[in-house]
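Residues per chain are reported as follows:
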Amino acid sequence: MPDSTTQHPTTSAAGQGGGGRFDALVIGAGFSGLYQLHCLRDRLGLSVRVLEAAEGVGGTWYWNRYPGARCDSESHSYCYSFSKELLEEWEWSERYPGQAEILRYLNHVADRFDLRRDIRFGARVVSAEWDETAELWRVVTQSGERYAARFLITAVGCLSAANIPDIPGLEDFRGRWYHTGQWPHEGVDFTGKRVGMIGTGSTGIQAAPVIAEAAAHLTVFQRTANYSIPARNAPLTPEFKRYVREHHAEIRRVMHATPNGHPFYIEDRSVFDVTPEERRAIYEVAWQRGGLQFRATFRDLLVDKAANDTAAEFIRGKIREVVKNPATAAVLSDIDHPFAAKRPPIDTNYFETFNRDNVTLVNLRATPIECITPRGIRTRDGTEYALDAIVFATGFDAMTGPLLRMDIRGRDGLPLREAWRAGPQTYLGLQAAGFPNLFTITGPGSPSVLCNMPVPIEQHVEWITDCIAHLRSRGLTRIEATPEAVDRWVAHANDAANASLLPTVPHSWYLGANVPGKPRVFMPYAGGMARYRAICAEVAARGYEGFTLGG
Ligand code: NAP
């Protein structure tokens, strides 16, 4: 085997020494990094080290501890499916799992598969450079530890680089401020505090109701009004738990057959196949059932603006019905983009929260934030909102951010930042040309964030594992996407996006529009997970078509 000379450094359950040479390095110990370690170490027998910046496993669920943090995927689908035993022994408690429960689950997985002994915690990767002569990735952490490996796999998540807007005056603010993705582990006690929250995406919509219950006053600063569907979260009934226990295989089959990896099908009917009354009744049932299934009521919601308008108007009507103050309702329902063309949030009492006496909505479209003052936030009309704390629910430098914050250099020292100057360019979201043996789990150009994440994660990890096994069984040492395959994939991914309404929203993070200066490129693959899985399988079956294999 090509890597048989690799040393296997001594490890202990308590942690590992720094540095060393391995067959593979994995960056990140969230959903993807944990499974990648398991596959490469326990199925292929490779020496693997996972480098993780945090002091524990969990990725997104380690960092995002903000009030109300909960997953939008239903719990029975938001988990690994690779192990029958794991599926059978873990029982979720609620329809949508909360942050603490998901983190417990990932810790359970780490223990169950004995993963911790190969994870180096507190190890933030700052650079990775391809050494052409040795055919090794050379990786350096913030504390100066040096690692080398033939294969480098990024498992850094799509939404892990916090976006803190550059608002003048933040450094002079006398209160405390927090980004939801870097929440203090000890929690924050907002009792008696005047809290300002900037941002009304999935995060802000989850956090506002919970913060409002504790705070003396909550001021929500809204720039873009957003749709939200009630989650209707509830404890799982014994009957549903039994159903899940008895139908794992069937549930998984559905998840693998649908475009978004969720455990429900998209109805095969057009909005215009039914009368307006029937349509309203269908939307009403979906509204009462709650959750992302609302999007699955008709097949044309995401491709036909006129079809989408019917759902959009239904939700706007619901907002106006729920929110008692007509002026507030008007600002909340003044939504400027098609439903679900930005990532659709689901909520627990979000719109209801604006009926509370201690909650105020500020419309930043009418009066943008001018600056942060020592006492609070001042908007352009001269109003100063006095605050004890500011919560930035302002999202992430999505998909490319976590990769480009590291200094990754490929063949001939080519920086990834340079290769992606005009936006990410990948083949299948798995590899970039010029970066041999570097795999990006749920990278830009793959379905990733458009899906229930464990589904694309498992597919990528398994594809990468099979690919490395293929190379090793043939005595090969390298694989690299060809520039032609990258160009073809980028063109195909653009076509897939343009066939939908998704790229029509100018301020969407899918396009990188939330980060000033970021190139406007639609980043995830919108062709659907089932189709993507088939394409990847076909590529592998044809001897990794579009890649150059060597060594
Ligand atoms: P987001 O969707 O990017 O929302 C950020 C919010 O902050 C938007 O309302 C944005 O307004 C606002 N904002 C950003 N910069 C601003 C500025 N300078 N001034 C005023 N407002 C500003 O971020 P997110 O809510 O953290 O969600 C990101 C993604 O994470 C979600 O789409 C989802 O994929 C995932 N997520 C999932 C869950 C879940 O499963 N439950 C929960 C949370 C997050 P504009 O719209 O005008 O830019």
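1. Observations regarding the site of the ligand
The local shell around the ligand holds 23 residues, among which R70, D72, T203, T224 and K342 are the closest. Note that an oxygen atom of the ligand is positioned 2.9 Å from one of the side-chain N or O atoms of R223. Relative to its unbound accessible surface of 910 Å², the ligand loses 88% to contact with the protein. When residues of the shell around the ligand are assigned to their parent elements, the largest contribution, 3 residues, is made by helix α5 (residues 202–214). Looking at the shell around the ligand residue by residue, the classes come out as 9 nonpolar, 9 polar and 5 charged.

2. Observations concerning empty space enclosed by the protein
Inspection of the entire model under this criterion finds 4 cavities of 30 Å³ or more. Taken as a whole, the largest cavity encloses approximately 80 Å³ of empty space. Per-element tally for the lining of the largest cavity: the top contributor is helix α7 (residues 248–257), with 4 residues. Classifying every residue of the lining of the largest cavity gives 5 nonpolar, 3 polar and 1 charged. One number sums up the size of the second largest cavity: a volume of about 60 Å³. Here the lining of the second largest cavity is built from residues that sort into 5 nonpolar, 5 polar and no charged.

3. So, the sheet that holds strand β16 (residues 389–392)
Taken in spatial order, the 5 strands line up as β7-β16-β8-β9-β12 in an open sheet, and their pairing is parallel. With one partner strand each, in any of the chains shown, β7 (176–179) and β12 (359–363) form the two edges of the open sheet. Between one strand axis and the next, the sheet turns by 20° as a mean value, whatever way the strands run. Two elements, strand β8 (residues 194–198) and strand β9 (residues 217–222), share 5 bridges in a ladder whose sense is parallel. Bridging across to β9, V195 finds its partner in L218. Contacting β8, β9, β12 and β16, α5 crosses the sheet at an angle of about 170° to β8.

4. Points about the packing of aromatic side chains
Geometrically, a pair of aromatic rings is defined through the distance of the ring centres and the angle of the planes. Counted according to the given criterion, the structure contains 39 aromatic pairs. Between F240 and Y243 the ring centres are 5.9 Å apart and the planes differ by 40°, which places this aromatic pair in the tilted class. Of this pair, F240 and Y243 are both found in helix α6 (residues 238–246), 3 residues apart, which corresponds to roughly one turn of the helix. Classification of F240 as partly exposed rests on a relative accessible area of 26%. Its relative accessible area of 33% is what places Y243 among the partly exposed residues. For the pair W509 and Y510, a centre-to-centre distance of 4.7 Å together with 65° between the ring planes defines the contact as edge-to-face. What makes W509 partly exposed here is its relative accessible area of 21%. Take Y510: its relative accessible area is 3%, and that puts it in the buried class. What links up through ring pairs into an aromatic cluster is the set F31, Y35, W61, Y78, Y80, F82, W90, W92, Y105 and F113. Just above the ring of F113 sits the side chain of R112; from NZ or CZ to the centre is 5.1 Å.

5. Description of helix α1 (residues 31–43)
Along its 13 residues, α1 runs 17 Å from first to last C-alpha, staying within 8% of the 18 Å computed at 1.5 Å per residue. Of all the positions in α1, only F31, S32, G33, L34, Y35, Q36, L37, H38, C39, L40 and R41 are classed as buried. Downstream of α1 by a residue or two, G45 has a phi angle that is positive, lying close to 75°.

6. Concerning the nonpolar core
Counting residues in each nonpolar core, the largest one holds 79 residues, and the members touching the most others are Y80, Y105 and W463. Top element by residues in this core is helix α14 (residues 454–473). It accounts for 8 residues. For this core, the two domains that each supply at least three residues are domain 1 (20–57 + 115–161 + 398–543) and domain 2 (170–392). Core analysis: the second largest hydrophobic core is formed by 53 residues, A231, F314, L332 and F354 among them.

7. Some remarks on the pattern of salt bridges
The final tally for this structure, using the stated rule, is 34 salt bridges. Here R411 and E480 are joined by a salt bridge, their closest N and O atoms 2.5 Å apart. Of the two residues, R411 sits in the loop between β17 (407–409) and α13 (416–419) while E480 sits in strand β19 (residues 478–481), which places them 69 residues apart along the sequence. In this structure E480 comes out as buried when scored by relative accessible area, which is 10%. Across the salt bridge formed by R478 and E480, the nearest N and O atoms sit 3.7 Å from each other. Judged by relative accessible area, which is 14%, R478 ranks as buried. Beyond isolated ion pairs, a larger network of salt bridges with shared partners links R41, D42, R49, D114, R117 and D118.

8. Some details on the side chain of H179
For H179, the position within the fold is in strand β7. When its relative accessible area of 2% is taken as the criterion, H179 is described as buried. One polar contact links the side chain of H179 to the main-chain carbonyl oxygen of G395, over a distance of 2.9 Å. The residues touching H179, leaving out its near neighbours within four places in the chain, are A162, N163, I164, F392, T394, G395 and F396.

9. Examining the sheet that holds strand β13 (residues 369–372)
In any sheet, the strands associate via hydrogen bonds between backbone groups, in a parallel or an antiparallel arrangement. If you walk across this open sheet you meet the 3 strands as β13-β14-β15, and the pairing is antiparallel. Of all the strands in the sheet, just β13 and β15 (384–386) have a single pairing partner and so form its edges. Direction aside, the axes of adjacent strands within the sheet are offset by 25° on average. Both strand β14 (residues 376–379) and β15 contribute to a ladder of 3 bridges, which runs antiparallel.

10. Regarding the layout of surface pockets
Counted as a void, the second largest pocket has a volume near 360 Å³. Lining the second largest pocket are 21 residues, with G68, Q206, P209, V210 and T348 sitting closest to its centre. When residues of the lining of the second largest pocket are traced back to their parent elements, those giving at least two are α5, β11 (346–347) and α11 (350–353). Per-element accounting of the lining of the second largest pocket gives the leading share, 4 residues, to α5.

11. Digging into the domain arrangement of the protein
Taken domain by domain, the protein holds domain 1 (20–57 + 115–161 + 398–543) and domain 2 (170–392). When each unit is reduced to the centre of its C-alpha atoms, the spacing between domain 1 and domain 2 is 30 Å. When domain 1 packs against domain 2, the two sides together hide about 1,600 Å² of surface, and 58% of this comes from carbon and sulfur. Linking domain 1 with domain 2 are 0 salt bridges. Connecting domain 1 to domain 2 are 8 residue pairs in polar contact (both at pLDDT 80 or more). Ranked by residue count, the leading element in the side of domain 1 that touches domain 2 is helix α16 (residues 529–541), at 3 residues. Looking at the side of domain 1 that touches domain 2 residue by residue, the classes come out as 11 nonpolar, 6 polar and 1 charged.

About the criteria used
- Along each chain, the written sequence defines residue order, and numbers are assigned to residues from 1.
- In view of the model being predicted, local features appear only for residues whose pLDDT reaches at least 70, and side-chain atom pairs are presented and counted only at 80 or more, with totals across whole chains, interfaces and linings using the full set of residues.
- Values shown for side chains rest on all heavy atoms present in the structure; no hydrogens or waters enter the calculation.
- If even one non-hydrogen atom of a residue comes within 4 Å of a molecule or strand, that residue is called near it.
- What qualifies as a polar contact is a pair of N or O atoms within 3.5 Å, subject to a donor-acceptor requirement within protein and to the restriction that residues adjacent in sequence count only when both atoms come from side chains.
- Accessible surface is estimated by sampling points in the Shrake-Rupley manner with a 1.4 Å probe; for residues, cover comes only from the protein chains shown.
- A run of H or I in DSSP counts as a helix once it spans at least four residues, and a run of E counts as a strand once it spans at least two, with each numbered from the N terminus.
- Three categories are distinguished: nonpolar for Ala, Val, Leu, Ile, Met, Phe, Trp, Tyr, Cys and Pro, charged for Asp, Glu, Lys and Arg, and polar for the others, with Gly belonging to the last.
- The distinction between a cavity and a pocket rests on a 1 Å grid over the protein atoms alone: a 1.4 Å probe fits inside a cavity but cannot get out, while a pocket stays open yet meets protein on both sides within 12 Å along at least five of seven lines, and a residue with an atom within 4 Å of a point counts as lining.
- Grid points are joined across faces, edges and corners, and a volume is the space filled by probe spheres set on the points.
- Whether two strands pair comes down to DSSP finding at least two bridges between them.
- Angles shown run from 0 to 180 degrees and are taken between the N-to-C directions of axes, each axis being a line fitted to C-alpha atoms and, for helices, limited to the stretch in contact.
- Contacts: residue pairs with any heavy atoms within 4.5 Å of one another.
- Geometry of aromatic contacts follows a simple scheme: Phe, Tyr and Trp rings, the Trp one being its six-membered ring, pair when their centres are within 6.5 Å, and the pair is stacked under 30 degrees between planes, edge-to-face over 60, tilted otherwise.
- Per-residue accessibility, obtained with a 1.4 Å probe over protein chains only, is compared with the maximum for each type, and a residue is labelled buried under 20%, exposed over 50%, and partly exposed between these values.
- Charge-over-ring contacts are defined here by two conditions on Lys NZ or Arg CZ: a distance within 6 Å of the ring centre and an angle within 35 degrees of the ring normal.
- To estimate how far a helix should extend, the number of its residues minus one is multiplied by 1.5 Å.
- For this analysis, a nonpolar core means a set of buried residues of the types Ala, Val, Leu, Ile, Met, Phe, Trp, Tyr and Cys, connected via side-chain atoms within 4.5 Å.
- For every domain, the bounds stem from an assignment made automatically or drawn from a database.
- Whenever a carboxyl oxygen of Asp or Glu lies within 4 Å of a side-chain nitrogen of Lys or Arg, that contact is scored as a salt bridge.
- Note: buried area is the sum, over both parts, of the accessible area (probe 1.4 Å) each one loses when the two are combined.

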